[in-house]
Amino acid sequence: MPETGSTLLTAFDNFVAPVCNDPVEILYQDSDILLINKPSGLLSLSGKNPLNRDSVHYRLVNGQAGVSPAFPEAKLPHRLDFGTSGIMVVGLNAASSKHLNKQFQARTVKKRYIAMLEGWVTDDQGQISAAISKDKDCFPLVKICHSTGKAAISEYQVLQRLEQPRRSLVQFTPHTGRTHQLRIHSQTFGYPILGCDLYKSESSEQMADRLLLHASDLYFEHPTSGELIHGYCPCPFESARLD
């Protein structure tokens, strides 16, 4: 039976995140910022449900026993979806957080992602341009709508085409930052991201035990020095190739 809007809304309201045993890894630290590796299966921010207290922000503010100390003023200028892994930048004080927020609002931060898609993407590289709007009937989904949606552009490059089953390892460079942009663009493109529970084909969700979407690169200006920073976080499924 297909999922209706009310069914999805009820499931979303009742969602309790499974326990995530993977730590938030500190990739880089100075007095103003952190670069971290968010594991798949962890919320960026704590949810309204008390059972969803565990999150990237909660762990950073309170510390991770045996992994990292507490950063009581830590703020997240951006988020990654629950199932997405990879690099995030964190402000460690009010001034640096404000500076980073301004960069994200001005869209001067450049991001790159790695994803594993179902099937063989035909062209080696290209651009997906499809406006995205909220789907009021199927919250929390979004939809492609050229009349009411906001412009959304995703550039892609195929890194490798794999067999048994056919799938494509792709690098995405989003030029806009819409909710679920890469996930719905991939589905609309005809090659959904493996493991995605919202934007999928009949078989793509079952082809992986997690969402195979990873934030690999982040380019931004250091809030204090003004230096151009390139943060990089290796993709866990890029090396495994699922072979």
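Since we're looking at a predicted model, the values are computed, not measured.

Enquirer: Give a description of the overall build of the chain that names residues and reports values.
Expert: Broken down by element type, the chain carries five helices and 11 strands. Expected size for 243 residues packed as a compact globule is a radius of gyration near 18 Å; at 18 Å, the chain falls within 12% of this value. Each principal axis of the C-alpha atoms in the chain carries an extent, and together these give about 50 × 40 × 40 Å. Accessible area for the chain stands at about 12800 Å²; split by element, carbon and sulfur atoms hold 51% of it. Side-chain charges in the chain split into 24 positive and 25 negative, and the spacing between the mean points of these groups amounts to 7 Å.

Enquirer: Explain the side chain of S55 to me, and be specific about the residues and the numbers.
Expert: Relative to the helices and strands, S55 is located in the loop between strand 2 (33-38) and helix 2 (56-62). Those residues in contact with S55 that sit more than four places away from it in its chain are L42, L43, S44, L45 and S46.

Enquirer: Describe helix 4 (residues 181-189), listing the residues and the values that go with them.
Expert: The set of residues buried in helix 4 consists of Q181, L182, R183, I184, H185 and S186. Downstream of helix 4 by one or two residues, G190 has phi in the positive range, about 100 degrees.

Enquirer: Could you give an account of the nonpolar core, with specific residues and numbers?
Expert: Of all hydrophobic cores here, the largest spans 48 residues; its most connected members are I36, L60, V89, V90, L117, F172 and F220. Those residues in contact with F172 that sit more than four places away from it in its chain are K111, R112, Y113, A115, L117, I128, S154, E155, Y156, L182 and S186. If you look at the next biggest cluster of nonpolar residues, it comprises nine residues, including M116, L169, L194 and L212.

Enquirer: Describe in detail the environment of V56, supporting the description with residues and values.
Expert: In this fold, V56 is placed in helix 2. Measuring from C-alpha to C-alpha, the distance between V56 and S46 comes to 7.9 Å, with 10 residues separating the pair along the chain. Ignoring sequence-local partners within four residues, the contact set of V56 consists of V24, I36, K38, L42, L43, S44 and L76.

Enquirer: Requested: an account of unusual backbone geometry, with residues and values cited.
Expert: For residues besides glycine, phi is generally negative; the peptide bonds are generally trans as well. For the bond running from F139 to P140, omega is 10 degrees, close enough to zero to count as cis. Going from Q164 to P165, the amide bond is cis rather than trans, its omega being -5 degrees. Residue placement: P165 occurs in the loop between strand 8 (153-162) and strand 9 (167-174). Its identity is not glycine, yet R107 carries a phi of approximately 60 degrees, on the positive side.

Enquirer: Can you break down the packing of aromatic side chains residue by residue, with the values?
Expert: Using the criterion set out here, one finds three aromatic pairs in the structure. Plain terms: the ring middles of F15 and F82 are 5.4 Å apart, the flat faces sit at 80 degrees to each other, and that makes the pair edge-to-face. Separated by 67 residues along the polypeptide, F15 in the loop between helix 1 (5-13) and strand 1 (25-29) and F82 in the loop between helix 2 and strand 3 (85-91) bring together distant segments of the chain. Since its relative accessible area comes to 27%, F82 is described here as partly exposed. Seen from their ring centres, F189 and Y191 are 5.1 Å apart, and the 65 degrees between their planes marks the pair as edge-to-face.

Enquirer: Describe the pattern of salt bridges, and please don't skip the residues or the numbers.
Expert: A side chain with one charge may pair with a side chain of the opposite charge, provided their charged atoms come close. One pass over the structure, following the stated rule, counts five salt bridges. Here D124 ties to R161 by a salt bridge, and the two come within 2.9 Å at their closest N and O atoms. Of this pair, D124 sits in the loop between strand 4 (110-118) and strand 5 (125-129) while R161 sits in strand 8, placing them 37 residues apart in sequence. Here the residues in one salt-bridge network are D81, R183 and D197, joined through shared partners.

Conventions and cut-offs
- Residues numbered from 1 in each chain as written.
- Predicted model: local features only at pLDDT ≥ 70, side-chain atom pairs only at ≥ 80, totals over all residues.
- Heavy atoms only, no water.
- Helix = DSSP H or I, 4+ residues; strand = E, 2+ residues; numbered from the N terminus.
- Rg over C-alpha atoms; globule rule 2.2 N^0.38 Å.
- Areas by Shrake-Rupley, 256 points an atom, 1.4 Å probe, with all protein chains shown as cover.
- Lys, Arg positive; Asp, Glu negative; His and termini not counted.
- Charge placed at Lys NZ, Arg CZ, Asp CG, Glu CD.
- Contact = heavy atoms within 4.5 Å.
- Buried < 20%, exposed > 50% of the residue type's maximum accessible area, 1.4 Å probe, protein only.
- Core = buried A, V, L, I, M, F, W, Y, C linked by side-chain atoms within 4.5 Å.
- Phe/Tyr/Trp six-rings, centres within 6.5 Å; stacked < 30°, edge-to-face > 60°.
- Salt bridge = Lys/Arg side-chain N within 4 Å of Asp/Glu carboxyl O.

Function-wise, these values are silent; they only describe arrangement.
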